Amino acid sequence: MSDYIIRPLKLTEVQHAVDWAGREGWNPGKHDAECFHPTDPDGFLGGFLDGEMISSVSAVNYDDKFAFLGFYIVRPEFRHHGHGLEIAQHALAHCKGRNMGLDGVVEQQENYRKSGFRFAYNNYRFAGTKREILDKLGQASSPQLAELTSATDELFSYDRALFPASRELFLRDWLNAASHVSRSYTENGVLKGYVTLRPCQTGYKIGPLFADNTEIAQLLLASVITDIPDDPREHEIFIDMPQPNAAALALASELGLEKVFETARMYSDHEPDIELERVYGVTTFELG
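Cut-offs applied
Residues numbered from 1 in each chain as written. Predicted model: local features only at pLDDT ≥ 70, side-chain atom pairs only at ≥ 80, totals over all residues. Heavy atoms only, no water. Helix = DSSP H or I, 4+ residues; strand = E, 2+ residues; numbered from the N terminus. Buried < 20%, exposed > 50% of the residue type's maximum accessible area, 1.4 Å probe, protein only. Contact = heavy atoms within 4.5 Å. Areas by Shrake-Rupley, 256 points an atom, 1.4 Å probe, with all protein chains shown as cover. Lys, Arg positive; Asp, Glu negative; His and termini not counted. Charge placed at Lys NZ, Arg CZ, Asp CG, Glu CD. Salt bridge = Lys/Arg side-chain N within 4 Å of Asp/Glu carboxyl O. Arc of directions from axis to C-beta. Patch = residues over 30% accessible without salt bridge, like charges linked within 9 Å, V, L, I, M, F, W, Y side chains within 5 Å.

A. Focus on the overall build of the protein chain. Helix and strand counts for the protein chain come out as 9 helices and 13 strands. Dimensions along the principal axes, computed over C-alpha positions, put the protein chain at roughly 60 × 40 × 35 Å. For the protein chain, buried positions account for 55% of its 288 residues. When contacts within the protein chain are restricted to residue pairs at least 6 apart in sequence, long-range pairs at least 24 apart make up 75% of them. For the protein chain, the accessible surface area stands at approximately 12,800 Å², while carbon and sulfur atoms represent 47% of it. The positive charge centre, built from 27 side chains, and the negative charge centre, built from 43, are 2 Å apart in the protein chain.

This is how it looks when you write it as structure tokens:
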């Protein structure tokens, strides 16, 4: 396929991949492209056939040991011709030598296994509305809650225990993105949790929601949901929870959230040693 060229994407081209993800039903955030791309500009790849972009994949290297794959999409009219396999091979080459993670649709698990990935656990997407959730949680009011607009060394340290690699650059962009709302919870000067709410193509997503216990997770969740403008259309709110965190799933049940989607979290080497019991909401399915 000499006329099929694969190269790193410019920021404006990453937006095409985000738009395609929306059409696939993955509901990306409105500012995802500008937050994701700087994390690894060489890791967002596009396949171009006769100059037209027809495929995408992201292969984000966080450091020399861990990477995460996402945005693996071939436009429907160009599928079943080998374009996806070829761009996937480029992505794997970009991440060579690293443990790679991904959140794949369940139906593709077998294909990922054939590529060397191992199943770790499922992530479940739950949905509800502002009214439904706040009716159960009430309004958040605590002197321990604070606006979170800048990343600190303490935040980086807290986040590192709950994510497979350091991601300082990503967090700086994530916390400062337009329309993102983030809050922290601190006790006696010690960070005990934080959360980000972002507007998406449909409704809003919560992620990450990291907390030392369910009570803190509830306060953080209520604090950002309260900021969503009242709207007669009752925008849906989505949160992606790891299946191994029983307390997170219990919270979803208590809030009456509906499970609407699931992914298979898989790794190419080993499951990282992170404290999933404090992960009440995954940051994103695209970057981990």
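B. Fine view of the side chain of Glu286. With respect to the helices and strands, the residue Glu286 is situated in the segment after strand S13 (279–281). Comment: no salt bridge for buried Glu286; closest opposite-charge side chain is Arg198, at 4.3 Å. Leave out the neighbours within four places in its chain, and Glu286 touches Phe36, Ser58, Phe68, Leu69, Gly70, Phe71 and Arg198.

C. Quick look at helix H7 (residues 168–176). By the burial criterion, the buried members of H7 are Phe170, Leu171, Trp174 and Leu175. For H7, the angular spread of the buried residues around the axis is 120°, confining them to a single face. Each element contacted by the buried residues of H7 is listed here: helix H2 (32–36), helix H6 (153–160), strand S8 (181–187), strand S9 (190–199) and strand S10 (204–211).

D. The arrangement of the environment of Ile6 in detail. One can find Ile6 in strand S1 (residues 4–8). When the C-alpha positions of Ile6 and Glu168 are compared, they lie 28 Å apart, and in sequence the two are 162 residues distant.

E. Spatial organisation of unusual backbone geometry. That bond from Gly207 to Pro208 is cis: its omega, 0°, falls within 30 degrees of zero. Counting through the fold element by element, Pro208 comes out in strand S10. Positive phi values are uncommon outside glycine, yet Asn27 reaches one of about 55°. We classify Asn27 as buried; its relative accessible area is 10%. The phi dihedral of Asp50 is positive, around 55°, even though this residue is not glycine. Tracing the sequence through the fold places Asp50 in the loop between strand S2 (44–49) and strand S3 (52–61).

F. A negative patch on the surface, seen in detail. A surface patch of like charges, here negative, comprises Glu132, Asp135, Glu236 and Glu258. Examined against the element boundaries, Glu132 turns out to sit in helix H5 (residues 130–137).

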